[in-house]
Amino acid sequence: MSNLLEKSINLGLGVFSFSRKKIETVVDELVNKGEVARKDAQGVVNDLVKKGEEQREEFKKIIKDEVVKALDDMSMVQKEDLVSKEDIKKIIREQIIEVLNEEEIAKKSDINNLKKSLNAK
């Protein structure tokens, strides 16, 4: 029984790198040796495949987190931090409109000041 437990642990630890076909082959070997009952074989295969998928997802998350951490440590710009050309164009348009409005206000102010000056004389 400890041999079965050892094989299950080893299979569980490395299962994320196994295909379903490989897992079925290993479980069939265990069934042929009498270490797993034939009626339990499909359940064992399903459990190991599920564990493999969970480990694969966990492994992907760990790798992704480490890559993000490494990029942060290198002070690299991330995609979401970039400004698109359209955003830049929009900002420039807004600034141009703001400057033009300020110039228009300044012109009106200059004209009003000139009128006041002429009326005062």
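Source: prediction; values computed, not measured. (Residues numbered from 1 in each chain as written. Predicted model: local features only at pLDDT ≥ 70, side-chain atom pairs only at ≥ 80, totals over all residues. Heavy atoms only, no water.)

Explain the packing of helix 2 (residues 20–32) against helix 3 (residues 38–73) residue by residue, including any values.
Contact pair helix 2 / helix 3: the axes reach a minimum separation of 10 Å and the direction vectors enclose 145°. The two elements helix 2 and helix 3 meet at a crossing, and its hand is right-handed. Contacts between helix 2 and helix 3 pair Arg 20, Ile 23, Glu 24, Val 27, Asp 28, Val 31 and Asn 32 from the former with Arg 38, Ala 41, Gln 42, Val 44, Val 45, Asn 46, Leu 48 and Val 49 from the latter. A per-class count over the contact of helix 2 with helix 3 returns eight nonpolar, three polar and four charged. (Axes fitted to C-alpha atoms, helices over the stretch in contact; angles between N-to-C directions. Helix = DSSP H or I, 4+ residues; strand = E, 2+ residues; numbered from the N terminus. Left-handed = near helix turned anticlockwise from the far one by under 90°. Contact = heavy atoms within 4.5 Å. Nonpolar A, V, L, I, M, F, W, Y, C, P; charged D, E, K, R; others polar.)

Got a sec to walk through the confidence of the model for the chain? Specific residues and values, please.
Averaged over all residues, the pLDDT of the chain equals 79, while 83% of them reach at least 70. Taken element by element, the predicted model of the chain shows its lowest mean pLDDT in helix 1 (residues 2–14) (54) and its highest in helix 4 (residues 85–120) (86). (pLDDT = per-residue confidence, 0-100.)

Can you tell me about a nonpolar patch on the surface, naming the residues and giving the values?
A contiguous nonpolar patch, built from Val 83, Ile 88, Ile 91, Ile 92, Ile 96 and Leu 100 and spanning about 520 Å² of accessible area, is present on the exposed surface. Along the chain, Ile 96 turns up in helix 4. You can call Ile 96 partly exposed: its relative accessible area is 46%. (Patch = residues over 30% accessible without salt bridge, like charges linked within 9 Å, V, L, I, M, F, W, Y side chains within 5 Å. Areas by Shrake-Rupley, 256 points an atom, 1.4 Å probe, with all protein chains shown as cover. Salt bridge = Lys/Arg side-chain N within 4 Å of Asp/Glu carboxyl O. Buried < 20%, exposed > 50% of the residue type's maximum accessible area, 1.4 Å probe, protein only.)

Hey, could you go over the nonpolar core for me, with residue numbers and the actual values?
Listed in full, the nine residues of the largest apolar core are Ile 23, Val 27, Leu 30, Val 31, Val 36, Ala 41, Val 45, Leu 48 and Val 49. If you list the elements that add at least two residues to this core, you get helix 2 and helix 3. (Core = buried A, V, L, I, M, F, W, Y, C linked by side-chain atoms within 4.5 Å.)

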